[in-house]
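Summary of structural features
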Amino acid sequence: MWECCWAPHAIGVMIQQVMDAAWYKTIIMWMQCAFGVMLGTELIWTKLKSYGKALVFTTLTQSLGTFTVVSLAFGIIFSFLDIPVYLAFVFGGIALATAPAPALSIVNEFHAKGPVTDTLLPMTVLDDVVGIVVFFTVNSLVARQVSGGNVPLYMIPVMIFLPVLIGAVVGFPAGLLLKRCGGKTKTLLVLLSGITVTMLIGWGMNTFVLSGITINYMLMGVSFAAIFSNMVTPERLCEISDYFSPILGISLLAAIVDLGAPLDYHLILGAGAYTIVYILARAFGKYFGARVGAKITHMPDQVKKYLGLTLLPHSGVSLVFTGIVCSTLLSAPQLAQIVQGTIAAAAVIHEFIAVIVAKKGFELAGEICQ
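Residues numbered from 1 in each chain as written. Predicted model: local features only at pLDDT ≥ 70, side-chain atom pairs only at ≥ 80, totals over all residues. Heavy atoms only, no water.

Using the criterion set out here, one finds one cavity of 30 Å³ or more in the structure. Quantified by volume, the largest cavity comes out at close to 40 Å³. Lining of the largest cavity is provided by Leu-39, Ala-97, Asp-127, Asp-128, Gly-131, Ile-132, Val-317 and Phe-321. Breaking the lining of the largest cavity down by element, the ones donating at least two residues are helix 8 (115–146) and helix 16 (316–328). In terms of residue count, helix 8 provides more of the lining of the largest cavity than any other element does, four residues in total. Of the residues in the lining of the largest cavity, the class split is five nonpolar, one polar and two charged. (1 Å grid on protein atoms, 1.4 Å probe; cavity = no way out; pocket = protein on both sides within 12 Å on 5 of 7 lines; lining within 4 Å. Points joined across faces, edges and corners; volume = space filled by probe spheres on them. Helix = DSSP H or I, 4+ residues; strand = E, 2+ residues; numbered from the N terminus. Nonpolar A, V, L, I, M, F, W, Y, C, P; charged D, E, K, R; others polar.)

Moving on, we come to the nonpolar core. Nonpolar side chains in soluble globular proteins generally cluster together in the buried interior. Residues Leu-87, Phe-91, Ile-94, Phe-228, Tyr-278 and Leu-329 are the most contacted members of the largest nonpolar core, which totals 82 residues. Here this core takes nine residues from helix 11 (residues 217–229), the largest share from any one element. Not counting residues up to four positions away in its chain, the partners in contact with Leu-329 are Leu-87, Val-142, Val-146, Leu-335, Ala-336 and Val-339. Leu-55, Val-116, Ala-290 and Val-303 belong to the second-largest nonpolar core, a separate cluster that totals 22 residues. (Core = buried A, V, L, I, M, F, W, Y, C linked by side-chain atoms within 4.5 Å. Buried < 20%, exposed > 50% of the residue type's maximum accessible area, 1.4 Å probe, protein only. Contact = heavy atoms within 4.5 Å.)

Note that Gln-32 resides in helix 3 (residues 22–40). In this view, Gln-32 contacts Tyr-217 and Met-218; residues no more than four positions away in its chain are not counted.

Here's what the structure looks like:
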């Protein structure tokens, strides 16, 4: 009896009945939408336009290079193991994400200053832009594959652009209100109401219009935030972000817990080979992709040699992306387990190794003030 009620993992703390309940799923949908706000506030058009062609080109070489290397590595392995090759592109899509927090903490703690630092900070923003586009495109294609072709081909762009449209429709009036009203209470009221309305519209579309097709809530949150972020002043956006920060932290925690609760820790222990391939292929793509881009655009030697090392941190967003993919792979649980085990193990390892390597990159570039 108890075995039916409790999830076999997460040391049996979370009840499976709770995770299957409609109210729990609704909360997680809201949290995913709220987490998307963090990425959306980085998509400031004037800022992106000011970064210059060299930075944009180098971002593309290291992001798409990582996607290509990781996808190719897993594609070769899966072709021999009789695992659907489209799963390789899932790993490639997740691998793009670069965690900005570790790099920012190193820069702030050690007062890093120089061309690598100046290149890395805006690149983490651009990296998120490319990552969002590539990941959600791959996720839509995988959804069609998992459905056995039941999802019409024309629905793939719908699955990508409909969440963007929903977020934009709600984000515009929210931006008008955020421009006019000030204060923490009113600001949070507008944000929380906007997120809730966005989530409810998405839920309605999933439930009553797009039968059998799920559009992504995090992408709705990204679009919602991107619209209002481009309507307010930089100072006002900074204020909004500060007010929203505690809610964002809770949303990220909820998304990661939701992913980790059903995760069998044996999957992490058994994901050894895949994890090694993932970490090495991602590191190769990031390092040499950044190096090639920096060389072609004639960036300083420090950037060519050491930028790739500072791009290795990779955890929070990768886990959220994993949760989204696993939702897409509900009808193929054996594939979801491969993704869960590999990315969870890689996230743990990256937390220890990648941050040390990133710090070493700043040191080798001579940009850390001792």
